[in-house]
Each structure stands twice: as C-alpha cells, then as structure tokens.
Amino acid sequence: NTVMQVLIRWLVATVAILITAYVLPGVTVGGFFVAMLVAVILGLVNIFIRPVLLLLTLPINILTFGLFTFVINALMIMLVARIVPGFMVDGFWWALGFGLLLSVVLSLLDMLLVRQ
C-alpha cells in the first residue's frame, strides 16, 4: 500500500510539473517522461541538498524572516534544470515563479486527488 501511495504522489507531482511549466513561458518540460524525471530528481535534491543549504544559510534566513528559503528553492530548481535534459528554466526569476506556482498546483491536486 505504501508503494502505491508513493507512485500516486510521483504521478501527481509529474502532472503538477507539467501544468506549472505549461502556465509559465520561461519554463520548458520536454514531455511526460521528462516531468517524471524532474519529479524524482527534485525530490532527491529536496531530501539531500536542501536541508544542508537551509542549515548553512540559517543566519540569513533568520534575518530575512524565512524569505531566503524562496531563494534556496529557486536554486534547487535551477540545479535540477542543469541535471535533467529537456527541463529548461530561463533564469532565477522563472525558477522562483516555478517553485511558488508548483507548490500551489501540488496543493490543489493533493486536495482534489490524493485525499479523497
């Protein structure tokens, strides 16, 4: 059952990435399988790299009342864009917008699909 939940979350994240990239002209996803790979790599980056960066930038994050977290999220998206062929982000501001909109789309899809 847990494996099925992980697969469903992966599929929801993939669809959310596709929707977000469709809405933002500065972000390009080469197709469904590229979005699947982006979902996996972004998840791994958020598990392994993001916590280290959050810890290292804790003083600046405290000074900015947590707003620097958005910068870290954008940098993580830009890193994934460098790793995954077919996923392109046209700069920092598009990565920032992608991160913000992706979280909104993921939340909406989660409410509509996963928690029924």
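Because the structure is a prediction, the values reported are computed rather than measured. (Residues numbered from 1 in each chain as written. Predicted model: local features only at pLDDT ≥ 70, side-chain atom pairs only at ≥ 80, totals over all residues. Heavy atoms only, no water.)

Some remarks on the environment of Asn-73
Part 1 of the reasoning: Structurally, Asn-73 is set in helix α5 (residues 68-83).
Part 2 of the reasoning: We classify Asn-73 as partly exposed; its relative accessible area is 25%.
Part 3 of the reasoning: Sequence separation between Asn-73 and Arg-50 is 23 residues; the distance between their C-alpha atoms is 7.8 Å. (Helix = DSSP H or I, 4+ residues; strand = E, 2+ residues; numbered from the N terminus. Buried < 20%, exposed > 50% of the residue type's maximum accessible area, 1.4 Å probe, protein only.)

As for the pattern of salt bridges
Opposite charge on two side chains permits them to pair, given that their charged atoms come into close proximity.
Part 1 of the reasoning: Here the structure, examined in full by the defined rule, presents one salt bridge.
Part 2 of the reasoning: Arg-9 serves as the salt-bridge partner of Asp-110, at 3.1 Å between the closest nitrogen and oxygen. A residue pair is termed long-range when its members are at least 10 positions apart, and Asp-110 in helix α6 (residues 92-114) and Arg-9 in helix α1 (residues 2-23) qualify at 101 residues.
Part 3 of the reasoning: We classify Arg-9 as partly exposed; its relative accessible area is 47%. (Salt bridge = Lys/Arg side-chain N within 4 Å of Asp/Glu carboxyl O.)

Focus on helix α2 (residues 32-48)
Part 1 of the reasoning: Given a rise of 1.5 Å per residue, 17 residues ought to cover 24 Å, and the 24 Å separating the end C-alpha atoms of α2 matches this to within 8%.
Part 2 of the reasoning: Of the residues making up α2, those classed as buried are Val-34, Ala-35, Met-36, Val-38, Ala-39, Ile-41, Leu-42 and Val-45. (Expected span 1.5 Å × (residues − 1).)

Some details on the packing of α2 against α5
Part 1 of the reasoning: Running from amino to carboxyl end, α2 crosses α5 at an angle of 130°, the nearest separation of the two axes being 10 Å. The pairing of α2 with α5 is recorded here as oblique in orientation. Where α2 crosses over α5, the two elements pack in a sense that is right-handed. Taken together, the residues of α5 that come into contact with α2 (itself represented by Val-38, Ile-41, Leu-42, Val-45 and Asn-46) are Met-76, Ile-77, Leu-79, Val-80 and Ile-83.
Part 2 of the reasoning: Of the residues in the contact of α2 with α5, the class split is nine nonpolar, one polar and no charged. (Axes fitted to C-alpha atoms, helices over the stretch in contact; angles between N-to-C directions. Parallel < 35°, antiparallel > 145°, perpendicular 65-115°, else oblique. Left-handed = near helix turned anticlockwise from the far one by under 90°. Contact = heavy atoms within 4.5 Å. Nonpolar A, V, L, I, M, F, W, Y, C, P; charged D, E, K, R; others polar.)

Brief notes about the nonpolar core
Part 1 of the reasoning: In terms of nonpolar packing, the biggest core is built from 30 residues, with Ile-17, Val-80, Phe-87 and Phe-98 touching the most fellow members.
Part 2 of the reasoning: Within the residue set of this core, elements represented by two or more residues are α1, β1 (27-29), α2, α5, β2 (87-89) and α6.
Part 3 of the reasoning: Leaving out residues up to four positions away in the same chain, Phe-98 has contacts with Ile-17, Thr-20, Ala-21, Leu-24, Val-27, Ile-77 and Phe-87. (Core = buried A, V, L, I, M, F, W, Y, C linked by side-chain atoms within 4.5 Å.)

Side note on the packing of α1 against α2
Part 1 of the reasoning: At a minimum axis separation of 8 Å, α1 and α2 run at an interaxial angle of 115°. Here α1 is positioned roughly perpendicular relative to α2, judged by the angle of their axes. Between α1 and α2 lies a crossing whose hand is right-handed. Residue-level contacts link Trp-10, Leu-11, Ala-13, Thr-14, Ile-17 and Leu-18 of α1 to Phe-32, Ala-35, Met-36, Val-38, Ala-39 and Val-40 of α2.
Part 2 of the reasoning: Each residue belonging to the contact of α1 with α2 can be placed in one class, and the counts come to 11 nonpolar, one polar and no charged.

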